[in-house]
Amino acid sequence: MFQHKKTIAEGDLVLAYIGRDNLKPITVKSGDVLQTKYGNFPHTDMIGKPFGSQVTSAKNVGFIYLLLPTPELWTISLPHRTQIVYTHDSSYIVQRMNVVGGSRVIEAGTGSGSFTHAFSRTVGPAGRVFSYEFHEQRYLQAKEEFESHKLENVTLTHRDVCNEGFDIDTEIRAQMVFLDLPSPWEAIPHLSRVVAKDQTVGICCFSPCIEQVVKAVEALQDCGWTAIEMTEVQAKKWEARKEMVRELDDAIERLRDVKRRQKEGAELKKLPPKRDADGNEKDRGYNPFGKGRRIAEGDESFQWQNVSKTGPELKTHTSYLLFARLVPVLGAEV
Ligand code: SAM
């Protein structure tokens, strides 16, 4: 699992938050520089900073945040090798299938490993994730990534589960199954050999089109799965932000500032900007509303209130979530 850490050190994986939909994974290495449209950020300056810090670019023109990797952040920053499962679906699936610390989970296919990271953190050191991928290149990339992210509770197997099933040397005894495959109905008949026999087992098939759902339902029924239900998650984004508390005096000061700038305006624009001894552009005065000094959100010299803001509704269809349960047969051999 991603290890929890307070401060950034050489060799750490850091997620650079450059903008709302722009999160870049970097491995910190002295001498390297992260180049963004907001300026350059030398890795050396990141070392020793607490995770979550805001850092300004070398020429003070922009800033980014240095975030500790979590499965949720990894999902929005990972290198895509396939379509992936996003957090609004994975979090729902995890809670609906009651995946908890110690759970044993089967996942196929691994794809870009987005959901594997979420499963790995949820099941923890006492649990196990058995993940299968038949595409060799994707399998090798996932293997390297899981090793580097220390997902020690994941057993990754290079396998076509539709033709060869799920059996491996270890006893699996899976309590939950997640199938994100083009033809889950071909994999379902192989599951009875590897799921737990002494308790109810949950399954979720993640399929983008209804024809796949229909075929999967038929296979589930044929194999004795019950309580079959289909769900679709329509998510909406909420963001927690800090908003500067603006007093009437600030508004008056702002109007004065606008007037002053208008007066100075044309003449000043023609002159080159004033610079300090280090060559940085000089601050042209305090203005809590934007121009002049840039103020970091949460700057302790100002007053802030916590607010929530909504993003647009998610209009796109991701996939249908098909759930079912396999109840052990009374008196059957365990
Ligand atoms: N859930 C993954 C994630 O969150 O990153 C994405 C899975 S991706 C949509 C589907 C993956 O299943 C592909 O990488 C594909 O190669 C793999 N796959 C398809 N058929 C398979 C099979 N029969 N056995 C194993 N893997 C298979």
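Refer to the preceding data block for the structure.
Residues numbered from 1 in each chain as written. Predicted model: local features only at pLDDT ≥ 70, side-chain atom pairs only at ≥ 80, totals over all residues. Heavy atoms only, no water.

Asks: Could you clarify how one ought to interpret the site of the ligand in this entry?
Replies: Neighbouring residues of the ligand: 22 residues in total, closest Glu133, Arg138, Asp160, Val161 and Asp180. The backbone of valine 85 places a nitrogen or oxygen atom 3.1 Å from an oxygen atom of the ligand. Protein contact buries 92% of the 610 Å² of open area that the ligand shows by itself. When grouped by side-chain class, the residues that make up the shell around the ligand number eight nonpolar, nine polar and five charged. (Near = heavy atom within 4 Å. Polar contact = N/O pair within 3.5 Å; in protein donor to acceptor, adjacent residues only side chain to side chain. Areas by Shrake-Rupley, 256 points an atom, 1.4 Å probe, with all protein chains shown as cover. Nonpolar A, V, L, I, M, F, W, Y, C, P; charged D, E, K, R; others polar.)

Asks: What should I look at first to understand a nonpolar patch on the surface in this one?
Replies: Side chains of Ile210, Val214 and Met230 sit close together on the surface and give an oily, nonpolar patch of about 240 Å² of accessible area. Relative to the helices and strands, methionine 230 is located in strand S12 (residues 226–231). (Patch = residues over 30% accessible without salt bridge, like charges linked within 9 Å, V, L, I, M, F, W, Y side chains within 5 Å. Salt bridge = Lys/Arg side-chain N within 4 Å of Asp/Glu carboxyl O. Helix = DSSP H or I, 4+ residues; strand = E, 2+ residues; numbered from the N terminus.)

Asks: It is not clear to me how unusual backbone geometry should be interpreted in this structure. Could you clarify?
Replies: Excluding glycine, a negative phi dihedral is what most residues carry, and trans is how most peptide bonds are arranged. Cis geometry marks the peptide bond from alanine 108 to glycine 109; its omega dihedral reads -10°. Residue placement: glycine 109 occurs in the loop between strand S7 (104–108) and helix H3 (114–123). In the Ramachandran plot, asparagine 98 falls in the positive-phi region, its phi being about 55° despite a non-glycine side chain. When you line up the elements, asparagine 98 lands in the loop between helix H2 (87–96) and S7. The backbone phi angle of lysine 150 is positive, close to 55°, even though this residue is not glycine. Tracing the backbone shows lysine 150 in the loop between helix H4 (136–148) and strand S9 (154–158). Residue classification places lysine 150 among the partly exposed positions, given a relative accessible area of 42%. (Buried < 20%, exposed > 50% of the residue type's maximum accessible area, 1.4 Å probe, protein only.)

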